[in-house]
Amino acid sequence: MVRFTLRQTKEILTSQSGLALVGALLQRTPLAQSLNRLPSPLERKFTLKNSDIAFSMVGLLVQGKSDFEAIESFRRDRLFQLALNLSRVPSAAILRQRVDKATEDWDEAIRRANVHLLKQHAVLTACEEGYIPIDMDVSPMDNSGTKKEGVSPTYKKTEGYAPLFVYIGREGYLLNLDFREGRRHSQCEGTVEFLKETLEMLTEFRHREYLLRADSAHDSLDNFVMIEQFNRAHPHIHVDFLIKHNLRRESISHWFEIAKEHGQKTTPREGKTVYTGRILKQYPELEYPVWAVFQITERTVTAQGQHLLIPEIEVDVYLTSLNKAPKKVIELYHDHGTSEQYHSEFKTDIGVERLPSGYFETNQRVMFLTLLAFNLLRIIGQESLDYHGNPIKARHRIHRRRLRSVIQDLIYLAARVIRHARQWILGFGVESPFYETFHYLYLKWAG
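In this report, we go over the structure that sits alongside the text.

About the thresholds
Residues numbered from 1 in each chain as written. Predicted model: local features only at pLDDT ≥ 70, side-chain atom pairs only at ≥ 80, totals over all residues. Heavy atoms only, no water. Helix = DSSP H or I, 4+ residues; strand = E, 2+ residues; numbered from the N terminus. Expected span 1.5 Å × (residues − 1). Buried < 20%, exposed > 50% of the residue type's maximum accessible area, 1.4 Å probe, protein only. Contact = heavy atoms within 4.5 Å. Phe/Tyr/Trp six-rings, centres within 6.5 Å; stacked < 30°, edge-to-face > 60°. Lys NZ or Arg CZ within 6 Å of the ring centre and 35° of its normal. Axes fitted to C-alpha atoms, helices over the stretch in contact; angles between N-to-C directions. Parallel < 35°, antiparallel > 145°, perpendicular 65-115°, else oblique. Left-handed = near helix turned anticlockwise from the far one by under 90°. Nonpolar A, V, L, I, M, F, W, Y, C, P; charged D, E, K, R; others polar. Salt bridge = Lys/Arg side-chain N within 4 Å of Asp/Glu carboxyl O. Arc of directions from axis to C-beta. Core = buried A, V, L, I, M, F, W, Y, C linked by side-chain atoms within 4.5 Å. Polar contact = N/O pair within 3.5 Å; in protein donor to acceptor, adjacent residues only side chain to side chain.

Quick word on helix H3 (residues 50–61)
(1) Moving on: The terminal C-alpha atoms of H3 lie 17 Å apart, and with twelve residues this matches the ideal 16 Å at 1.5 Å per residue to within 8%.
(2) Moving on: Most of H3 sits inside the fold, with twelve of its twelve residues counted as buried.
(3) Moving on: Among all positions in H3, only Asn-50, Ser-51, Asp-52, Ile-53, Ala-54, Phe-55, Ser-56, Met-57, Val-58, Gly-59, Leu-60 and Leu-61 are buried.
(4) Moving on: Against the buried residues of H3 lie helix H1 (19–26), helix H2 (31–36), helix H4 (78–83), helix H5 (92–101), helix H6 (104–121) and helix H12 (360–386).

Examining the packing of aromatic side chains
(1) Moving on: The tally for this structure, following the rule as stated, stands at 17 aromatic pairs.
(2) Moving on: On the basis of an interplanar angle of 45 degrees and a centroid distance of 4.9 Å, the ring pair of Tyr-318 and Tyr-333 is categorised as tilted. Separated by 15 residues along the polypeptide, Tyr-318 in strand E13 (residues 307–320) and Tyr-333 in helix H10 (residues 326–334) bring together distant segments of the chain.
(3) Moving on: Take Tyr-333: its relative accessible area is 10%, and that puts it in the buried class.
(4) Moving on: Aromatic pair Phe-428 and Tyr-435: ring centres 5.3 Å apart, planes at 50 degrees, arrangement tilted.
(5) Moving on: For Tyr-435, a relative accessible area of 35% translates into the label partly exposed.
(6) Moving on: Site record: aromatic cluster; members linked through ring pairs are Phe-165, Tyr-167, Tyr-342, Phe-346 and Phe-374.
(7) Moving on: Here Arg-278 stacks its cationic end above the ring of Trp-291, 3.7 Å away from the centre of that ring.

Brief notes about the packing of H12 against helix H14 (residues 435–446)
(1) Moving on: Running from N to C, H12 and H14 cross one another at 115 degrees; their axes reach a closest spacing of 10 Å. One way to sum up the angle between H12 and H14 is to call them roughly perpendicular. Crossing of H12 over H14 shows right-handed handedness. Packed against H12, whose contacting residues are Ile-379, Ile-380, Glu-383 and Ser-384, the element H14 presents Thr-437, Tyr-440, Leu-441, Lys-444 and Trp-445 at the interface.
(2) Moving on: Classifying every residue of the contact of H12 with H14 by side-chain character gives five nonpolar, two polar and two charged.

A word on the pattern of salt bridges
(1) Moving on: Applying the stated criterion across every chain yields a total of 28 salt bridges.
(2) Moving on: Measuring nitrogen to oxygen at the nearest pair gives 3.5 Å for the salt bridge that ties Glu-361 to Arg-365. Here Glu-361 and its partner Arg-365 are both found in helix H12, four residues apart, which amounts to about one turn of the helix.
(3) Moving on: Within the structure, one salt-bridge network assembled from shared partners comprises Glu-108, Arg-111, Arg-112 and Glu-197.

What to know about helix H7 (residues 191–201)
(1) Moving on: The complete set of buried residues in H7 reads Thr-191, Phe-194, Leu-195, Thr-198, Leu-199 and Met-201. Down the axis, H7 shows its buried residues gathered within 145 degrees of arc, on one side only.

Observations concerning the nonpolar core
(1) Moving on: In terms of nonpolar packing, the biggest core is built from 125 residues, with Trp-255 and Ile-380 touching the most fellow members.
(2) Moving on: Setting aside residues no more than four positions away along its own chain, Ile-380 makes contact with Leu-21, Val-22, Leu-25, Val-406, Leu-410, Ile-411, Leu-441 and Trp-445.
(3) Moving on: Counting residues in hydrophobic clusters, the runner-up holds eleven residues, among them Cys-127, Leu-242, Leu-322 and Tyr-333.

A word on the side chain of Asp-409
(1) Moving on: Within the secondary structure layout, Asp-409 lies in helix H13 (residues 403–411).
(2) Moving on: Side-chain polar atoms of Asp-409 contact the side chain of Arg-401, separated by 2.6 Å.
(3) Moving on: Not counting the four nearest positions on each side in its chain, Asp-409 is found in contact with Arg-401 and Phe-434.

Observations regarding the side chain of Thr-297
(1) Moving on: Locating Thr-297 in the fold gives a position in strand E12 (residues 290–301).
(2) Moving on: Aside from chain neighbours lying at most four places away, what touches Thr-297 is Lys-272, Thr-273, Val-274, Glu-312, Ile-313 and Glu-314.

Okay, here's the thing in structure tokens:
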């Protein structure tokens, strides 16, 4: 066994050189100017700027750290300050205090900066039919065992929050979010206004065809009417919708009879019959036709070969403005399930499942800063895929890098911080596996 000799040198070393990429991207957004125009809660000349507070929190979040106390590890970290262009690194107490006192104006400034970031740097990939997917979904955040403001029972029977997320593109960029108490229903008061606000963001992008996908919790005529009004007000953009139908009090036997009359019958195996088809569903409030695409499955024999005394009938109905074949519509909706992976990345990879504050408003600020951190990491990951250097290799075509791998490979990249000839230099080891990718991305964004 080799016995190492331990020694502390005067060299400045860092294990988070990827903060330089984050800082370069942040400087290409208007966020610093927007936040610094807002009033500071403490009227003193030596008070830190609003951008120092926001960027410090983002610097923690892109490393998977959400606690305010984590900033103490970076109080004397020169790279943290230089990379994020901070006048000074705040203490944990000041960081918490300033985020507590931040207003809703911060949310709006972050939203605008996020749209600007996506517009300039995100390449949105369409689904097979040429539509840019917009996936809307509620994902509860478990904060059980705490007395935080707004924590209440969610539909998953846990104590926590129930934010509404909206993702765009097959890559899963986070377009917008609505932070909510756990007890609030998915289609609660304010959802239509939130959806309208989100669709207005689409006017900033160059794409023309979008497809909004959501589960049955958002099966609401109010949503359909609002989408139609949006399309009428923006003729250069068209948003179609694909939302799972909430059967509510509709009987299964009713849809089974419709399926036998209008559906195409297939028998994948003995004892299993599937009816697939569509019918027009009438809404007097809408000008555009709405199709009810159904897939009804009748099982008389289980997959294990057991015969059933009473047949099992499974009903899936999807409401859509798409005039497409039922099979294609069902495939498009099933692809909506990918958004569950995005929830996992947001809550687990960045580490905000359990939010750091006892105040609802403070946690809302943290959520919006996490929205920005999420997309910064996503952009770094996707851009690294476009660089065909040695570090990025795979047997199969990769469409999206998970945020955890971005943090591990490119944010936690060791380097030596050198001050020479009035320049700050990052020195990487000769065997650093992701140096070429890092070099390519930094030159692209920092110039």
